[in-house]
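# Descriptive structure summary
Each chain, letter by letter, is given below.
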Amino acid sequence: MRALFFEKSLSYHPRHPEPSASDGDALLKVRQAGICGTDLEIVHGYMGFHGVPGHEFVADVVSANDKNLVGQRVVGEINIVCGRCDLCLSGLSSHCRNRSVLGIHKHDGAFAEFVRLPSVNLHVLPRTVDDDAAVFVEPLAAACQILKQIKLDAKPDSRGRKWVTVLGDGRLGLLVAQVLRNANCPVRVIGKHPDKLALCEKWQIRSRPLADIAPRHDQDVVVDCTGSADGFELAMQMVRPRGVIVLKSTVAGAKPLNLSPLVVDEITLIGSRCGPFREAIRALAEKQVDVASLIYRRVRLEQGVDAFDLARRPGVLKVLLTME
Ligand SMILES: [Zn+2]
């Protein structure tokens, strides 16, 4: 099959071996897939992954133990879990001690014609979620996860509201901003790219260029979606004492950080990763979130290496890989 393959560098393989589906795994034929920040980190060595990357996808089920799934159009949860460890048994299966992660850790991903996943990971899509929207289910679920982790109405200020800043106007930041807006947060996006901040305008979400920001330790919640260590430093300067920083960035590079503001200001720091697929599918079906505006370009899998270079350019939003 055709596939992108990463080992030291990313390359296109026209005759990569097809995955063999077994032991409850379904075999899926990928329709299209999206390149995200994590993929860009992976080709810089994040997680020490080698294999086929890609975890944002929509596919058709070719074969599965559950015959009702065959022929269905699906998206798939990315954590492949054991179901037996203490974390799985306590309901924290997304943190399974023996997990592999689609296209990220010990499991080949979706930048290929075929991919395999356990049937239990699959979600059949309603017709109201088209292929373009479907590619955003995984990152949108990750955005929805924030609302599972913080209670935005728990301790409102005297005006009865929380003040929330999303740092970063990239792919994930713009999804997070829409999700928080839908939860009635007075959310504001800080970013570097005028065209992306213009999207916020279109969605009636407040935004400010990074250059105009003078951090004042006054935000109840700061969500860092910058993908850089600088973003976390700025978040520490923007959040109020006893406020919350939600960390969405996974950064491969290391940078010395002064963490004392977390202690002095008694900041709560929340790491946030994967989220609820069902809620994301519902939000897309009900058109609560605009994802069509986030698509920058479609690139054929054969040109996947160039597509990565394109996705890495500042200001570029979602690059989709098509399999036709
Ligand atoms: Zn487990």
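See the structure printed just above.
First, a word on what this report is: a plain description of the structure on this page. (Residues numbered from 1 in each chain as written. Predicted model: local features only at pLDDT ≥ 70, side-chain atom pairs only at ≥ 80, totals over all residues. Heavy atoms only, no water.)

### Some points on the coordination of the zinc ion
The cut-off we apply is this: Water is not among the atoms examined, so metal sites may look incomplete; donors are the N, O and S atoms within 2.8 Å of the metal, or within 3.2 Å for Na, K and Ca. Site shape is set this way: if four donors have all angles between 85 and 135 degrees, tetrahedral; if opposite donors are over 155 degrees apart and all others between 65 and 115, square planar for four donors and octahedral for six; otherwise irregular. Relative accessible area decides the class of each residue, using a 1.4 Å probe on protein chains only: under 20% of the type maximum gives buried, over 50% gives exposed, and in between gives partly exposed.
Every protein donor of the zinc ion is listed here as Cys 82 (SG), Cys 85 (SG), Cys 88 (SG) and Cys 96 (SG), and their distances to the metal cover 2.3 to 2.4 Å. Note that the zinc ion binds four donor atoms; their angles at the metal cover 99 to 121°, and the shape is tetrahedral. Along the chain, the residues donating to the zinc ion fall in the pattern C-x2-C-x2-C-x7-C. Taken as a pair, Cys 85 and Cys 88 share a single burial class, namely buried.

### Concerning the packing of aromatic side chains
Put simply, the rule is: Ring pairs are drawn from Phe, Tyr and Trp, using the six-membered ring of Trp, whenever the two centres fall within 6.5 Å, and their geometry is named by plane angle: stacked under 30 degrees, edge-to-face over 60, tilted for the rest. Put simply, DSSP H or I for four residues or longer makes a helix, DSSP E for two residues or longer makes a strand, and each gets a number counted from the N terminus.
Using the criterion set out here, one finds one aromatic pair in the structure. Between Phe 111 and Phe 308, the ring centres sit 5.8 Å apart and the planes meet at 90°, which makes this aromatic pair edge-to-face. Residue Phe 111 is located in the loop between β7 (100-101) and β8 (114-118), and its partner Phe 308 is located in helix α10 (residues 304-312); the two are separated by 197 residues in the primary sequence. By the burial criterion, Phe 111 is buried, and Phe 308 matches it.

### Description of helix α7 (residues 229-238)
Threshold: Here, two residues are considered to be in contact whenever any of their heavy atoms come within 4.5 Å of each other.
The element α7 is extensively covered by neighbouring structure, given that seven of its 10 residues are classed as buried. Every buried residue of α7 is listed here: Ala 229, Gly 231, Phe 232, Leu 234, Ala 235, Met 236 and Met 238. Buried positions along α7 lie against β10 (164-167), β11 (187-191), β13 (219-224), β14 (239-247), α8 (260-264) and β15 (268-271).

### Some details on the sheet that holds β13
Quick note on the threshold: Being paired, for any two strands, means DSSP has found at least two bridges between them. Here, axes are lines fitted to C-alpha atoms. For helices the fit covers the stretch in contact, and angles between N-to-C directions go from 0 to 180 degrees.
The sheet built from six strands is open, its strands ordered β12-β11-β10-β13-β14-β15 with parallel pairing. Sheet topology places β12 (206-209) and β15 at the edges, where each strand pairs with a single neighbour. Shown here is a sheet whose adjacent strand axes are inclined to one another by a mean of 20°, direction ignored. The sheet contact formed by β10 and β11 spans four bridges and is parallel. Across the sheet, residue Val 164 finds its bridge partner in β11, namely Val 187. Across the face of the sheet, helix α5 (residues 171-182) comes into contact with β10, β11 and β13 while running at roughly 165° to β10. Sitting on the sheet, α7 is in contact with β10, β11, β13, β14 and β15, with an inclination near 150° to β14.

### What about the side chain of Asp 265?
Stated precisely, the cut-off is as follows: When charges are counted, Lys and Arg contribute as positive and Asp and Glu as negative, whereas His and the chain ends are disregarded. A pairing counts as a salt bridge when a side-chain nitrogen of Lys or Arg comes within 4 Å of a carboxyl oxygen of Asp or Glu.
Relative to the helices and strands, Asp 265 is located in the loop between α8 and β15. Arg 242 provides the closest opposite charge to the buried, salt-bridge-free Asp 265, at an N-O distance of 9.5 Å. Dropping the residues within four chain positions of it, Asp 265 is found in contact with His 217, Pro 241 and Arg 242.

### What about the environment of Pro 215?
Looking at the element boundaries, Pro 215 is found in the loop between β12 and β13. Placed 23 residues apart in sequence, Pro 215 and Met 238 show a C-alpha to C-alpha distance of 4.8 Å. Excluding anything up to four places from it in sequence, Pro 215 contacts Leu 234, Gln 237 and Met 238.

### Brief notes about helix α9 (residues 277-285)
Put simply, the rule is: Note: the arc covers the axis-to-C-beta directions of the helix.
Within α9, the full set of buried residues consists of Phe 277, Ala 280, Ile 281, Ala 283 and Leu 284. Within α9, the buried residues cover an arc of 160° as seen down the axis, which keeps them to one side. Contacts made by the buried residues of α9 are with β5 (73-76), β9 (122-124), α3 (131-134) and α4 (137-149). Downstream of α9 by one or two residues, Lys 287 has phi in the positive range, about 55°.

### Remarks on the packing of α4 against α5
For clarity, the threshold we go by: Roughly parallel refers to an angle under 35 degrees, roughly antiparallel to one over 145, roughly perpendicular to one between 65 and 115, and oblique to any angle outside these ranges. Each crossing gets its hand from how the near helix is turned against the far one by less than a right angle, where anticlockwise is left-handed and clockwise is right-handed. Each residue is assigned to one of three groups, with Ala, Val, Leu, Ile, Met, Phe, Trp, Tyr, Cys and Pro labelled nonpolar, Asp, Glu, Lys and Arg labelled charged, and all others, Gly among them, labelled polar.
Across the interface, α4 lies against α5 with an axial gap of 9 Å and an inter-helix angle of 50°. Relative to α5, the element α4 is oriented oblique. Considering only the axes of α4 and α5, their crossing is right-handed. Residues Pro 139, Leu 140, Ala 143, Cys 144, Ile 146 and Leu 147 of α4 pack against Leu 172, Leu 175, Val 176, Val 179 and Leu 180 of α5. The residue makeup of the contact of α4 with α5, split by class, is 11 nonpolar, no polar and no charged.

### Examining the pattern of salt bridges
This structure, assessed with the given rule, holds 16 salt bridges. Among the salt bridges present, the one from Arg 31 reaches Asp 60, with a minimum N-O distance of 2.9 Å. Taken together, the positions of Arg 31 in strand β3 (residues 25-35) and Asp 60 in strand β4 (residues 56-63) put the pair 29 residues apart, joining distant regions of the chain. Judged by its relative accessible area of 33%, Arg 31 falls in the partly exposed class. Notably, a salt bridge pairs Asp 131 with Arg 31, separated by 2.7 Å at the nearest N-O pair. Here Asp 131, found in helix α3, pairs with Arg 31, found in strand β3; they are 100 residues apart in sequence, far enough to count as distant. A cluster of three or more residues bridged by salt bridges with shared partners is formed by Arg 2, Glu 113, Arg 300 and Glu 302.

### Here's the deal with the side chain of Arg 2
We count it as follows: Any N or O atom pair separated by 3.5 Å or less is treated as a polar contact, with the protein-specific requirement of one donor-capable and one acceptor-capable atom, and with residues adjacent in sequence counted only for side-chain atom pairs.
Position of Arg 2 among the secondary structure elements: in the segment before β1 (3-7). The buried category is assigned to Arg 2, whose relative accessible area is 15%. For Arg 2, the side chain forms a polar contact with the side chain of Glu 302, separated by 2.7 Å. Those residues in contact with Arg 2, other than ones at most four positions away along the chain, are Tyr 12, His 13, Pro 14, Ala 112, Glu 113, Leu 301, Glu 302, Met 323 and Glu 324.

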